[in-house]
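Letter by letter, the chains look like this.
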Amino acid sequence: MRTAAAPDLGAVRRLQGAATSVVQDAEWLESCAAVFAEPRRTRVVAVDGAVAVLAHGGPRAPWWEVPGAVEVTEPVDVLAADADAAARLAEALAAQALPLMLRRVPRDSPVVDALERAYGPRAVRVRRDGPGTPYVDLAGLDAPDAVLNSGRRSDLRRARRRAEALGPLGAQVHAPGPGEVDALLDAALAVELRSWKGPAGTALLRDPVREGFYRRYARAAAGAGVLRVALLHVGDDLAAMQLAVERHGALWLLKIGYDEAFARVSPGQLLLAEVIGWSLGRGLDRVEMLGQEEAWTRVWTPRVRPHVQLGLFPRSSRGLAALGVGAAQQTRRRVSDRLARG
């Protein structure tokens, strides 16, 4: 993990009121830049009412993009107070002729159209749909399981009965201060390690760099008073966890996990029901699941926010070279996927 100081994101903090997502917040961007980007390859492009934090990927990714986009794989976005500010930012980026990659930006972000107009025919545009993020709309709900169909509600009740046969159920949503974060994360990440992610090698405790990012971000979020750690106990055992942030009228789920030893009682589903109920009690508008749509998210919601991947490569030697690298990487991924499918 890189230990260099984070770049000055004062412009982001000044525009914090315009943020609508945790990935636009200063705590998130500072943590991403400090852990995943080299300071000499990081720049903050700011205009009146808008700011973008960008990092250069070096020879293997010779374009500018939001730091952490590859490593964390969550959506990215710039921060703009309105469409006019997004247009000014896009013009500033185009004037610098920066090869630019936004891997997974909300389709309705004003910066998407603004960048395409600003770069115009001076750049090669590569745009394709990206994975959407599911969310649970809490408007009008009177109970956490109201989003489920009757069959799924029955499944949840059976799971609860099976869990209660093993011991008392206890769910807590913690709002830790900075000094309490590491102990809670130790417990939560140990649960994630006991899930399928442990043998697969994708648990955070198997990845020191990503673990370092989430610990740094969790401390910053706790300092801002928005970190939430949800835990589900079955008897004396910790069976499921969620790492989340409460902000912008929503609860944002960053990491989830459950102990495979309790798989029969669906602890992850039981905890999600508890957390949705907690969110209703807090008066939140929605639960943002982040990640991408999967079979288990479709159980809870059909709603998905669409995203796109946007690459803009100026018609210069630097821009076209970056385009060539990106095209070669895309070809290798397609071949690898085909080989994996047999």
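Since we're looking at a predicted model, the values are computed, not measured. (Residues numbered from 1 in each chain as written. Predicted model: local features only at pLDDT ≥ 70, side-chain atom pairs only at ≥ 80, totals over all residues. Heavy atoms only, no water.)

Undergrad: Quick rundown of the packing of helix 4 (residues 83–95) against helix 5 (residues 110–119)? Include the residues and the values.
TA: Packing of helix 4 against helix 5 leaves a shortest axis separation of 8 Å and a crossing angle of 40°. Here helix 5 runs oblique to helix 4, going by the angle between their axes. For helix 4 against helix 5, the interelement crossing comes out right-handed. Residues Ala83, Ala86, Ala87, Ala90, Glu91, Leu93 and Ala94 of helix 4 form the contact with helix 5, whose participating residues are Pro110, Val111, Ala114, Leu115, Ala118 and Tyr119. Residues that form the contact of helix 4 with helix 5 fall into these classes: 12 nonpolar, no polar and one charged. (Axes fitted to C-alpha atoms, helices over the stretch in contact; angles between N-to-C directions. Helix = DSSP H or I, 4+ residues; strand = E, 2+ residues; numbered from the N terminus. Parallel < 35°, antiparallel > 145°, perpendicular 65-115°, else oblique. Left-handed = near helix turned anticlockwise from the far one by under 90°. Contact = heavy atoms within 4.5 Å. Nonpolar A, V, L, I, M, F, W, Y, C, P; charged D, E, K, R; others polar.)

Undergrad: Got a sec to walk through helix 7 (residues 181–193)? Specific residues and values, please.
TA: Between its first and last C-alpha atoms helix 7 spans 18 Å; for 13 residues at 1.5 Å apiece the expected length is 18 Å, and the two agree. Along helix 7, the residues that are buried comprise Val181, Leu184, Leu185, Ala188, Leu189, Val191 and Glu192. Seen from one end, helix 7 has its buried residues packed into an arc of 150°, which puts them on one side. Among the structural elements, strand 7 (169–174), helix 8 (197–200), helix 9 (208–223), strand 8 (227–234), strand 9 (237–247) and strand 10 (250–258) are those in contact with the buried residues of helix 7. (Expected span 1.5 Å × (residues − 1). Buried < 20%, exposed > 50% of the residue type's maximum accessible area, 1.4 Å probe, protein only. Arc of directions from axis to C-beta.)

Undergrad: Please give an account of unusual backbone geometry that cites residues and values.
TA: Unusually for a residue other than glycine, Thr73 sits at a positive phi of about 65°. Along the polypeptide, Thr73 turns up in the loop between helix 3 (69–72) and strand 4 (79–80). The residue Leu290 is not glycine, and still its phi comes out positive at about 50°. Assessed through its relative accessible area of 5%, Leu290 is described here as buried.

Undergrad: Hey, could you go over the nonpolar core for me, with residue numbers and the actual values?
TA: Counting residues in hydrophobic clusters, the biggest one holds 72 residues, and the most contacted among them are Trp28, Leu54, Leu93, Leu115, Tyr119 and Phe213. Residues contacting Leu54, with those up to four places away along its chain left out, are Arg41, Thr42, Arg43, Val45, Trp64, Glu65, Val66, Pro67, Leu93, Leu98 and Leu100. Listed in part, the 27 residues of the second largest apolar core include Ala240, Leu271, Ala273 and Leu284. (Core = buried A, V, L, I, M, F, W, Y, C linked by side-chain atoms within 4.5 Å.)

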